[in-house]
Amino acid sequence: MAEERTELEERIIIKDQHTKEIDLVNRDPKRINEDVVKVDFEDVIAEPVGTYSFDGVWKTSYTTFTVSKYWCYRLLSAILGIPLAVVWGFLFALISFCHIWAVVPCIKSYLIEIQCVSRIYSLCIHTFCDPLFEALSKICGNIRVALRKEI
């Protein structure tokens, strides 16, 4: 009975990955566009003291800016959102595919092959360089330097 539950839970989890509910209220839960696109009327248009337009023009400008920004974004996302989602989905699938099937195997292969080279290199260093530097250290080990200040 416990095994049946785990299989059922696994099926639900697998199904949930592809058909999970989308949060229609919080559309940026990871805050990736936190500081990118917060442009309001006051951020773009401002009248300094002494050069005010008519109040009706100011209110109409505010309304026109806000509504046109809102509807232009909606129209562009309706026209280009789905095709761009397909393009980005394809691009990230391609990147994942290349990473899984090309990059990681190349890196693993390189690490396996370089391990053999590393052992040979280490053997050569220990065979030839260690005795040489040990002899040089014994030769130079008795050198003493005395500093005098002459006036």
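As the structure is a computational prediction, the values presented were derived from the model and not from experiment. (Residues numbered from 1 in each chain as written. Predicted model: local features only at pLDDT ≥ 70, side-chain atom pairs only at ≥ 80, totals over all residues. Heavy atoms only, no water.)

Engineer: Lay out the overall build of the protein chain in plain terms, naming residues and giving numbers.
Structural biologist: Helix and strand counts for the protein chain come out as 3 helices and 0 strands. Taken over 151 residues, the protein chain has a buried fraction of 1%. Counting every atom, the protein chain has about 15,000 Å² of accessible surface; 67% of that belongs to carbon and sulfur. (Helix = DSSP H or I, 4+ residues; strand = E, 2+ residues; numbered from the N terminus. Buried < 20%, exposed > 50% of the residue type's maximum accessible area, 1.4 Å probe, protein only. Areas by Shrake-Rupley, 256 points an atom, 1.4 Å probe, with all protein chains shown as cover.)

Engineer: Tell me what's going on with unusual backbone geometry, and back it up with residues and numbers.
Structural biologist: Not every positive phi belongs to a glycine, and Arg31 is a case in point at roughly 60 degrees. By secondary structure assignment, the location of Arg31 is in the loop between α1 (2-19) and α2 (41-44).

Engineer: Outline the layout of surface pockets, supporting the account with residue identities and numerical values.
Structural biologist: Over the atoms, a rolled probe matching the size of one water molecule traces out where space is still vacant. Taken as a whole, the largest pocket holds about 990 Å³ of empty space. Arg27, Asp28, Asn33, Val37 and Tyr73 are, among the 20 residues lining the largest pocket, the residues nearest its centre. A per-class count over the lining of the largest pocket returns 9 nonpolar, 3 polar and 8 charged. (1 Å grid on protein atoms, 1.4 Å probe; cavity = no way out; pocket = protein on both sides within 12 Å on 5 of 7 lines; lining within 4 Å. Points joined across faces, edges and corners; volume = space filled by probe spheres on them. Nonpolar A, V, L, I, M, F, W, Y, C, P; charged D, E, K, R; others polar.)

Engineer: For the confidence of the model for the protein chain, give the residues involved together with the corresponding values.
Structural biologist: For the protein chain, the mean per-residue pLDDT works out to 86, and 87% of the residues sit at or above 70. The least confident element of the protein chain is α1, whose mean pLDDT is 59; the most confident is helix α3 (residues 55-140), at 94. (pLDDT = per-residue confidence, 0-100.)

Engineer: Summarise the packing of aromatic side chains; cite the residues concerned and give the values.
Structural biologist: Taken as a whole and assessed by the stated rule, the structure comprises 6 aromatic pairs. Taken together, a centroid distance of 5.7 Å and an interplanar angle of 65 degrees make the contact between Phe41 and Phe65 edge-to-face. Taken together, the residues span a long stretch of sequence, with Phe41 in helix α2 and Phe65 in helix α3 at a distance of 24 residues. Among the residues examined, Phe41 registers a relative accessible area of 2% and is labelled buried. (Phe/Tyr/Trp six-rings, centres within 6.5 Å; stacked < 30°, edge-to-face > 60°.)

Engineer: Give me the pattern of salt bridges: which residues, what numbers.
Structural biologist: Applying the stated rule across the entire model yields 1 salt bridge. One salt bridge in this structure joins Asp40 and Lys69, with 3.9 Å as the shortest N-O distance. With Asp40 in the loop between α1 and α2 and Lys69 in helix α3, this residue pair connects regions lying 29 residues apart in the sequence. Accessibility expressed as a relative area gives 37% for Lys69, which makes it partly exposed. (Salt bridge = Lys/Arg side-chain N within 4 Å of Asp/Glu carboxyl O.)

Engineer: Before we move on, could you go through α3 and cite the residues and values that matter?
Structural biologist: Over its 86 residues, α3 extends only 90 Å from the first C-alpha to the last, a length that falls short of the 128 Å expected when each residue adds 1.5 Å. Helix geometry: α3 is bent most strongly at Leu80, by close to 50 degrees, with proline Pro83 lying one to four residues after it. (Expected span 1.5 Å × (residues − 1). Bend = angle between axes of the 7 residues up to and from the residue.)

Engineer: How would you summarise the state of the cysteines if you had to cite specific residues and measurements?
Structural biologist: With the rule as written, the count across this model stands at 0 disulfides. Just so you know, Cys129 is unpaired, no disulfide at all, and the nearest cysteine sulfur is the one on Cys124, 8.8 Å from it. (Disulfide = S-S within 2.5 Å.)

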